[in-house]
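Geometric and topological summary
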Amino acid sequence: MTNAELGDNTVLHILELMRDNVRAKTLKLIRNKLTDEGVTKMMPYFGNLLSINLSQNQLTENVLNLFIENKNNMPLLKSLVLSQTKIVERKSKPIIERLKKMEMGVSV
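Small disclaimer: the values here were computed from a predicted structure and weren't measured. (Residues numbered from 1 in each chain as written. Predicted model: local features only at pLDDT ≥ 70, side-chain atom pairs only at ≥ 80, totals over all residues. Heavy atoms only, no water.)

1. A word on the pattern of salt bridges
- In the structure shown here, the tally under the stated rule is three salt bridges.
- Put simply, Lys33 and Glu5 hold a salt bridge, and the shortest N to O gap is 3.6 Å. Residue Lys33 is found in the loop between strand E1 (26-28) and helix H2 (36-42), and its partner Glu5 is found in the segment before helix H1 (8-17); the two are separated by 28 residues along the sequence.
- Two residues, Glu103 and Lys78, come together in a salt bridge whose shortest N-O distance is 3.6 Å. With Glu103 in the loop between helix H4 (89-101) and strand E4 (105-107) and Lys78 in the loop between helix H3 (62-69) and strand E3 (79-81), this pair connects stretches of sequence that are 25 residues apart.
- Using a relative accessible area of 57% as the deciding quantity, one classes Glu103 as exposed. (Salt bridge = Lys/Arg side-chain N within 4 Å of Asp/Glu carboxyl O. Helix = DSSP H or I, 4+ residues; strand = E, 2+ residues; numbered from the N terminus. Buried < 20%, exposed > 50% of the residue type's maximum accessible area, 1.4 Å probe, protein only.)

Spelled out as structure tokens, the structure:
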């Protein structure tokens, strides 16, 4: 679902339809219109994923804290890509380091 300019509600609906698909291991939602609030609602659907790419969305540093808070619900998640968002890497370095200590590779 890359470059589709999908909003939070549309992506949430698609994830609900895919809820029982345990075979999907990678989710790419690049170049859409996702917000921190939308990602908060999507968290329950990320449980079986190994990799998530949310690049080029309207996300802030708050989304990093969401992944920390929900890491126990996403035990398989090893890669998180958040490039070209509103996240400032140098400002978020402590949070990024914390995610890395949780064995999650983060790219901002």
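2. Topic: the layout of surface pockets
- Empty space within the largest pocket amounts to approximately 210 Å³.
- Lining the largest pocket we find 14 residues, and of these Met18, Arg19, Asn21, Tyr45 and Leu49 sit closest to its centre.
- Across the lining of the largest pocket, the residue classes tally to nine nonpolar, four polar and one charged. (1 Å grid on protein atoms, 1.4 Å probe; cavity = no way out; pocket = protein on both sides within 12 Å on 5 of 7 lines; lining within 4 Å. Points joined across faces, edges and corners; volume = space filled by probe spheres on them. Nonpolar A, V, L, I, M, F, W, Y, C, P; charged D, E, K, R; others polar.)

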